[in-house]
Amino acid sequence: MNFLSVSSCCLLLLIYVLQCTGIEGQRSRTSFGSLSPVSTFGTNVQKITFGAILPKTSLITLQRQYYKRLQDAVESLMKNRQAKYNFTNYYRIAQAQVVLLPLAPSPTEILSTLCNQLLVKDITTILYMTNSEIWGSNAASAQYLMQLTAYIGIPVIAWNADNIGLDQRMVDSRVLQLAPSVEHQVSAMLSILRRYSWHVFSIVTTDIGGYDHFIQAVRDQVLLIDDFRFNILDIYLIKKNDRNEIRDELQALAVSEARVILLYSTKEEAQEILAAAEYLKMTGKNYMWIVTQSVLGGGADYAPGEFPPGMLGVHFNTTHQRLLDEIERAVTIFGHGLELFVNDAKNLNLSLSPNLSCNGSAETRWTRGDIFFNYLRNISLKTKYGRPNLEFNADGTLKYVELDVMNLNNIGMWDKIGTWTDQGIEIKDITWPGNSPVAPMGVPEKFSLKVSFLQEPPFINLVPPNNETGECAVSRAVRCKITEPYVIGDNKSSTGTRIRYGCCAGFCIDLLQKFADDLKFSYELNRVEDGNWGVLINGTWNGLIADLLNHRSDMVVTSIKINSDRQAFVDFTVPFLETGIAIVVAKRTGIISPKAFLEPFDTISWIMILLISIQVAAFAIFLFEWLSPSGYDMTLVPPRDHKFSLFRTYWLVWAILFGAAVHVDIPKGYTARFMANTWATFAVVFLAIYTANLAAFMITREEYHDFSGLEDRKLQNPRLHDPPLKFGTLPYGNTEAVLKRNKPRMHAYMAPFNKSTPIEGVNAVKKGELDAWIYDAVVLDHLVGEDSECGLLTVGSWYAMTGYGFAMPKNSKYLEKFNKKMIEYRESGDLERLRRFWFQGACKSQKNKRNISKPLDVNQFMSAFLLLGCGILLTVVLLALEHLYFRYCRQHLAKTDRDGCFTLVSLSMARSLRFHHNDRRYLYNHCNDPMCQIKRRQTLQEVDLTKSKLRQLQSDNTFKEFDPKFRQFSRTNNTPNETIIRTRDMTKSITTTNDPTAIMTHKIANPGAVSEFETVL
């Protein structure tokens, strides 16, 4: 069981004892009443006692020094000749109850000391003083003691130099800390960083007591500073003790950008950490280590040999002499707090005797201890040499602290080079790491990288420099070296290499330059000599991968793809773009299809229109005309002047469908006409759909090989096509390696058609030399977009998805830096901005290659057929209404229409009221000739009209006989009207009509026409 577990158990035990048994003291009934007089210094003086927990020592001399310093401090308060303290009139400070505890007491020892040696003496305050050289060793025991005193309400004035493990923010804390706190040390360390403009740093700590408090203090202080930006790169918790294992834990720190490191550990742990750091080359002139008091130790004289010269630290004195001075200062604080308590009028009759004990039944907590602690915390003591007064913050820590800034010189000794206070820091005469004359920059120095590349637009475009100046005229281009082989002599028996310089620009160059700006490095660009990407041939790598393995370059920057073969030998950064294997084909201009006018509708739709809809419409119109009383009226002989038959119905239907301006015969039946109008509406909808869709098919088509991908059967079996398909790829690249491994038959077939560069392959496709070119998808999309004629398309899905990355040798120290930055660029959108800049093209790739027009099926214009069907059903209803009218309604309407008012509404209705089409005389047939029957029917109609006219004339003559004006006119003109009695002139034309309105009009215009009708009859 560890110390903290034991401490917790003992604390619970103490709480249980105090709650069950209470606290019993040697208290009188007036313990909290008026003060009892004690005869020593006055009549009304109460004895008051404080306890002192001091470091245990076997030296009697040191023990005597403790007692003497305590006694001198008390006497100085009680017998101060310069200033008489008012509390001496009421209290007499008795001899302190001193307890000597070992460095790391057990919880049992702490509990026993508190109950059996301190509480029994009725102490008011506890002085807790330690100056351990083993930092962090007594943190747990000190924390346990503070928890116990806080529970029972006893104030504590502490000076434990190893207070790094104490949490002053503990709830109900009753501790005044005279030693500088961890927050003070952190503030001093950050002040050093601000002085030299070191913005970026890392933290290294062990699991020493209070390490989490130290880390939290750093974070809190960084957030509180507004005028200076700090950046905590990483926090490393060292858990190992072996030096070699510590190296492994510090490996990430060695490759990071941190050059300023804050170290918190013990001195012994720091020795191992700094030895491992020296092995990893982290103690040179570019690195600055800043350590806490726990690393320096109490004396801060000689440092271990593992400590690098130039490191800095914060320090305060923890010697034995300083311990004695702090004892005296703690007693003085106690006296001044007592003075404030007495001077408050409301405390005149209050006692400061806790009267607590671990045995008996009484109060479990001294509630008045909280009041007395507030007075202790509010004291303000004057100090020497013009320094600020001694005061405390609300959490019990010192308000004004002074720390020494230490520097390790070249002979391994700590020198005091300055001081830190809350007002600022003063430093002079520093020995810098590596005996450098200037301070470290705090950031990595620029390093140089040899970078290999292979051009491939748009990742890297290789263009010649200016002929006159030799500089790069292209914007955003950098100078790059190109090593090329050449033939020596005319016999071509020997070759050599020559170097020339060009200009490189593109996506990868911009990305490399951004890395260089952010990571502070320079680079030299060299084109790979053999011009290959890098494949494994007979166990040997070529191209870019060979450059890395042979240490000719530190990094490969281009559109090199990540695959398993390469990853086994080199490392890749985080991918900056995703890609795969795609296919590019050429678009060929075709001709308009001869059957393009039929393509707007599919076959079923045309069948529905031509073989069903037209037939149904024609038969429906003719059927309704035959059934209509205004038409055939279900007879086999057409009515007079009726020029409508089944074939003429077809002519009408076709004329309406295509809107032809030709002569047509229309039906006479109401229902047949309505059905014709329904068909006309259907025709309008049909023609609108047909015309709109026809435009998509009456265009010149673009034909191409629409492969679905590398799995397409036409690519798997190219010889089945006539002629056989021809396609290729780039040799010695990732695409060829993938095809060779996964599709050996296809790889063997396409080998004769391979081209040396992607541009050659694409040009061969455009010229028709190849049917397709298989290569990297992103590169092909770019080439398609940049094609001036927009005659290319990428087709099919991507195969073997992978990504582009920068390649480095295995275990490169730069890999982690580049990965972090690459992720930052992806999250901030920098990669996307670069992609949009370099991958824009005027032509579109496969994603928006074209909209394919498909014939419309029946379901897409079913509404037109529904319209036609509903029209037929409605026509049937109108046919029934028409028959009801002729059978039942017409005879009643004829009786009421004496003046021909229905003529204004409908001429056909007016005729139907005056002439019965179902007269039996019209049905009597004396001959078999249809024309004879039609002529006879017309003659009978004229007879009926003439009789009707005679009746009208007779009525008019009767009216004239009774009219007085007419009579007078007759007497005056006795001569008969010659016009009336005149013989019929057979040379005049005879008017024949079956329209009653025409008869009426003719009557008014020419009364003599009546005799003409009569003569004809």
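This is a predicted model, so every value here is computed, not measured.

Caption draft 1: Focus on the overall build of the protein chain. Looking only at helices and strands, the protein chain features 32 helices and 30 strands. Taking all 1017 residues of the protein chain together, 47% fall into the buried category. Counting only carbon and sulfur atoms, one obtains 53% of the accessible surface of the protein chain, whose full area is about 52,300 Å².

Caption draft 2: Quick peek at helix α16 (residues 646-658). Compared with the 18 Å implied by 1.5 Å per residue over 13 residues, the 19 Å span of α16 between its first and last C-alpha is a close match. Three or more residues of α16 are buried, namely Thr 649, Tyr 650, Leu 652, Val 653, Ala 655 and Leu 657. Buried residues along α16 sit in contact with α15 (603-627) and α17 (670-694). The first or second residue beyond α16 is Gly 659, which carries a positive phi of 65°.

Caption draft 3: Structural view of the sheet that holds strand β8 (residues 231-238). Taking strand neighbours across the sheet as the criterion, the eight strands line up as β8-β7-β9-β10-β11-β12-β13-β14 in an open arrangement whose pairing is mixed. Bordering the open sheet on either side are β8 and β14 (424-427), each of which pairs with just one other strand. In this sheet, adjacent strand axes meet at a mean angle of 25° when their direction is disregarded. Running at roughly 65° to β14, helix α5 (residues 182-195) makes contact with β7 (200-206), β9 (260-264), β10 (288-291), β11 (312-315), β12 (403-408), β13 (414-421) and β14 of the sheet.

Caption draft 4: Molecular detail of the sheet that holds strand β27 (residues 727-728). With mixed pairing, four strands are arranged side by side in an open sheet as β27-β28-β24-β29. Strands at the two margins of the open sheet, each flanked by one partner only, are β27 and β29 (792-804). Relative to strand β28 (residues 772-776), strand β24 (residues 577-586) runs antiparallel, the two sharing four bridges. When the bridges of β28 are listed, Ala 582 appears paired with Tyr 775. In the packing of helix α21 (residues 758-767) onto the sheet, contacts are made with β24, β28 and β29, and the angle to β28 comes to roughly 155°.

Caption draft 5: Representation of the packing of aromatic side chains within the structure. Within the structure shown, the criterion is met by 30 aromatic pairs. Note on Phe 521 and Phe 818: the rings are 5.6 Å apart at their centroids and 50° apart in plane angle, and the pair reads as tilted. Placement of Phe 521 in strand β19 (residues 521-527) and of Phe 818 in helix α23 (residues 815-828) is noted, with a sequence separation of 297 residues between them. As far as the burial class goes, Phe 521 and Phe 818 line up, both buried. Against the face of Tyr 501 rests Arg 479, its NZ or CZ located 4.3 Å from the ring centre.

Caption draft 6: Highlighting the layout of surface pockets. The calculated volume of the second largest pocket comes to roughly 1,300 Å³. Around the second largest pocket, the lining is made up of 38 residues, and of these Arg 322, Arg 329, Thr 383, Arg 387 and Leu 390 lie nearest the centre. Contributing elements (two or more residues each) for the lining of the second largest pocket: α2 (60-78), α10 (320-343) and β13. Looking at which element gives the most residues to the lining of the second largest pocket, the answer is α10, with seven residues. Residues that form the lining of the second largest pocket fall into these classes: 15 nonpolar, 10 polar and 13 charged.

Definitions and limits used
Residues numbered from 1 in each chain as written. Predicted model: local features only at pLDDT ≥ 70, side-chain atom pairs only at ≥ 80, totals over all residues. Heavy atoms only, no water. Helix = DSSP H or I, 4+ residues; strand = E, 2+ residues; numbered from the N terminus. Buried < 20%, exposed > 50% of the residue type's maximum accessible area, 1.4 Å probe, protein only. Areas by Shrake-Rupley, 256 points an atom, 1.4 Å probe, with all protein chains shown as cover. Expected span 1.5 Å × (residues − 1). Contact = heavy atoms within 4.5 Å. Pairing = 2+ DSSP bridges. Axes fitted to C-alpha atoms, helices over the stretch in contact; angles between N-to-C directions. Phe/Tyr/Trp six-rings, centres within 6.5 Å; stacked < 30°, edge-to-face > 60°. Lys NZ or Arg CZ within 6 Å of the ring centre and 35° of its normal. 1 Å grid on protein atoms, 1.4 Å probe; cavity = no way out; pocket = protein on both sides within 12 Å on 5 of 7 lines; lining within 4 Å. Points joined across faces, edges and corners; volume = space filled by probe spheres on them. Nonpolar A, V, L, I, M, F, W, Y, C, P; charged D, E, K, R; others polar.

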